[in-house]
Amino acid sequence: MDKKYYGNLAVSSAPHLVTGLDTTKTMAMVLIALVPSFLVSIYVFGFRVVALTLVCIVASVGFEWLYNKLMHKRQTVGDLSAAVTGVLIAFNVPSSFPYWMAVIGCFVAIIIVKQIYGGIGRNVVNPAITARIVLFISFATEMTTWPTPSMSTVDAATSATPLGVLQEGNVADLPANMEMFLGFIGGSVGEVSAIALLLGGLFLIWKKIISPIIPACFIGTVFVFAFVYYAIVGGDVSALNMAVFHVCAGGVMLGAFFMATDYVTSPIMPVGKVIMGIGCGLLTMVIRLWGAYPEGVSFSILLMNILTPLIDQLCIKLSYGGAKKNEK
């Protein structure tokens with residue numbers, strides 16, 4: 001039978017969608033989009049990035065396969081979602097992070113956050129983000145020990161991230177925005193190059209894998225919040241320069257394009273996506289400027305994930321209304 005007519009006699013309820021895109025192809029696109037950042041990270045931190053990423057992929061896929069095997073469930077490792085989770089976990093830790101600790105993060109993401117709740121499509125929070133927070137709380141020293149980039153002229157094994165330097169009040173020691181844009185700085189494996197993440201994110205938008213609403217609102221809110229804050233209380237620093245700094249520094253680009261846009265844990269409707277993006281941006285800047293921890297992206301996305309069901313309910317009610325209660 002001609003593929004064009006395959007399944008045309010199937011009877012089902014609306015909506016009737018005709019598309020060749022499935023979970024495997026979607027996840028493959030995400031992996032392709034992460035390649036530029038992966039290559040820059042290898043250049044900046046060396047080939048240990050490759051080993052760390054492979055360990056996380058193998059551990060994530062292995063945990064998913066083992067869980068499905070023990071629970072007598074259909075194997076889902078072929079949909080590549082576990083592989084994407086493994087890559088994102090590797091991108092969220094320093095390149096020097098011990099392998100066995102990374103495996104613990106993979107266990108948390110795949111078994112506890114994803115599979116126990118029913119597998120892909122049923123997790124209530126982003127697995128990779130949750131794994132990063134668990135690793136940070138459990139292994140704070142290892143998660144905040146940043147190897148010095150290979151092209152750096154500093155004679156030291158470790159160095160502070162730009163956000164760490166800012167928190168210490170050493171504004172004069174901040175790297176140039178162009179250095180952060182290109183990726184020649186310290187930080188987590190997949191966070192160092194803003195341009196690489198931007199290229200990957202634009203690729204996903206071009207392929208219509210993700211909507212541009214959440215990344216635009218997330219990044220835009222961070223930029224505007226930082227600009228207004230430093231324009232009012234910034235002292236001698238340039239508000240525009242610091243606004244660009246906060247967009248390029250830390251995990252804003254990685255979180256905005258690859259984590260906050262997760263299908264399962266982000267709102268469905270456009271208005272909800274706007275709320276999600278703005279909420280992530282606001283929480284990120286509040287934590288960065290007034291919190292004890294210099295970075296707030298992970299916590300902001302996790303909190304907005306928790307609020308996503310409520311955001312969906314609110315947006316559906318605003319858009320379609322609801323049945324009125326009978327008045328006595």
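Residues numbered from 1 in each chain as written. Predicted model: local features only at pLDDT ≥ 70, side-chain atom pairs only at ≥ 80, totals over all residues. Heavy atoms only, no water.

**Student:** Go over the overall build of the protein chain with me, naming the residues and quoting the values.
**Tutor:** Helix and strand content of the protein chain: 14 helices and 0 strands. Secondary structure elements in the protein chain, listed N-terminal to C-terminal, are α-α-α-α-α-α-α-α-α-α-α-α-α-α. Burial status across the protein chain gives 48% buried among its 328 residues. In the protein chain, the share of contacts with a sequence separation of at least 24, taken over all contacts with a separation of at least 6, comes to 74%. Surface exposure of the protein chain reaches about 16,600 Å², of which carbon and sulfur atoms provide 68%. (Helix = DSSP H or I, 4+ residues; strand = E, 2+ residues; numbered from the N terminus. Buried < 20%, exposed > 50% of the residue type's maximum accessible area, 1.4 Å probe, protein only. Contact = heavy atoms within 4.5 Å. Areas by Shrake-Rupley, 256 points an atom, 1.4 Å probe, with all protein chains shown as cover.)

**Student:** Break down the packing of helix H10 (residues 213–233) against helix H13 (residues 270–290) for me, citing the residues and quoting the values.
**Tutor:** Orientation of H10 relative to H13, taken along the N-to-C sense of each, is 35°, at an axis distance of 7 Å. For the crossing formed where H10 meets H13, the hand is right-handed. Taken together, the residues of the contact of H10 with H13 sort by class into 19 nonpolar, 4 polar and 1 charged. (Axes fitted to C-alpha atoms, helices over the stretch in contact; angles between N-to-C directions. Left-handed = near helix turned anticlockwise from the far one by under 90°. Nonpolar A, V, L, I, M, F, W, Y, C, P; charged D, E, K, R; others polar.)

**Student:** Can you lay out the environment of Gly 105 for me, pointing to particular residues and giving the numbers?
**Tutor:** Note on placement: Gly 105 falls in helix H4 (residues 99–115). Looking at Gly 105, the relative accessible area reads 1%, which means it is buried. Residues Gly 105 and Gly 86 lie 19 residues apart in sequence; the distance between their C-alpha atoms is 9.1 Å. Once you skip the residues sitting within four places of it in the chain, Gly 105 turns out to touch Ile 89, Ala 131 and Leu 135.

**Student:** Explain helix H1 (residues 23–45) to me, and be specific about the residues and the numbers.
**Tutor:** Residues separated by three or four positions in an α-helix point in the same direction, a consequence of the helix having 3.6 residues per turn. Here H1 spans 32 Å end to end across 23 residues, near enough to the 33 Å set by a 1.5 Å rise per residue. Residue Val 35 marks the point of greatest curvature in H1, where the axis turns by about 35°; the proline Pro 36 follows within four residues. Three or more residues of H1 are buried, namely Thr 26, Met 27, Val 30, Ala 33, Leu 34, Ser 37, Ser 41, Ile 42, Val 44 and Phe 45. On its buried face, H1 sits against helix H2 (48–70), helix H3 (81–91), helix H9 (194–206) and helix H12 (252–258). (Expected span 1.5 Å × (residues − 1). Bend = angle between axes of the 7 residues up to and from the residue.)

**Student:** Any chance you could break down the packing of aromatic side chains for me, citing the residues and the numbers?
**Tutor:** Between two aromatic rings, the relevant description is the distance of the centres plus the angle of the planes. Inspection of every chain in the model, using the stated rule, returns 9 aromatic pairs. Between Tyr 229 and Tyr 230 the ring centres are 5.0 Å apart and the planes differ by 90°, which places this aromatic pair in the edge-to-face class. The exposure class of Tyr 230 is buried, given its relative accessible area of 10%. Consider the rings of Tyr 293 and Phe 299, whose centres lie 5.9 Å apart with planes at 85°: the pair is edge-to-face. (Phe/Tyr/Trp six-rings, centres within 6.5 Å; stacked < 30°, edge-to-face > 60°.)

**Student:** Tell me what's going on with the state of the cysteines, and back it up with residues and numbers.
**Tutor:** The tally for this structure, following the rule as stated, stands at 0 disulfides. Sulfur of Cys 56: no disulfide; nearest cysteine sulfur belongs to Cys 106 and is 4.2 Å away. Overall, the relative accessible area of 0% leaves Cys 56 in the buried class. (Disulfide = S-S within 2.5 Å.)

**Student:** Talk me through H2; I want residue IDs and the actual numbers.
**Tutor:** The end-to-end C-alpha distance of H2 is 32 Å, a good match for the 33 Å that 23 residues give at a rise of 1.5 Å each. Against the buried residues of H2 lie H1, H3 and H4. One or two steps after H2, the chain reaches His 72, where phi turns positive at roughly 55°.

**Student:** Go over the confidence of the model for the protein chain, please, and point to the residues and values.
**Tutor:** In this model, the protein chain carries a mean pLDDT of 87, and residues with pLDDT of at least 70 account for 88%. Taken as a whole, residues 153–157 scores under 50 in pLDDT and shows 5 contacts with residues more than four places along the chain or in a different chain. (pLDDT = per-residue confidence, 0-100.)

**Student:** Please provide a residue-by-residue account of the packing of H2 against H3, values included.
**Tutor:** Packing of H2 against H3 leaves a shortest axis separation of 8 Å and a crossing angle of 140°. Of the possible angle classes, the one that applies to H2 and H3 is oblique. The handedness of the crossing between H2 and H3 comes out as right-handed. In this structure, H2 uses Leu 52, Thr 53, Cys 56, Ile 57, Ser 60, Val 61 and Glu 64 to contact H3, whose residues at the interface are Ser 81, Ala 82, Ala 83, Thr 85, Gly 86, Val 87, Ile 89 and Ala 90. Here the residues of the contact of H2 with H3 sort into 9 nonpolar, 5 polar and 1 charged. (Parallel < 35°, antiparallel > 145°, perpendicular 65-115°, else oblique.)

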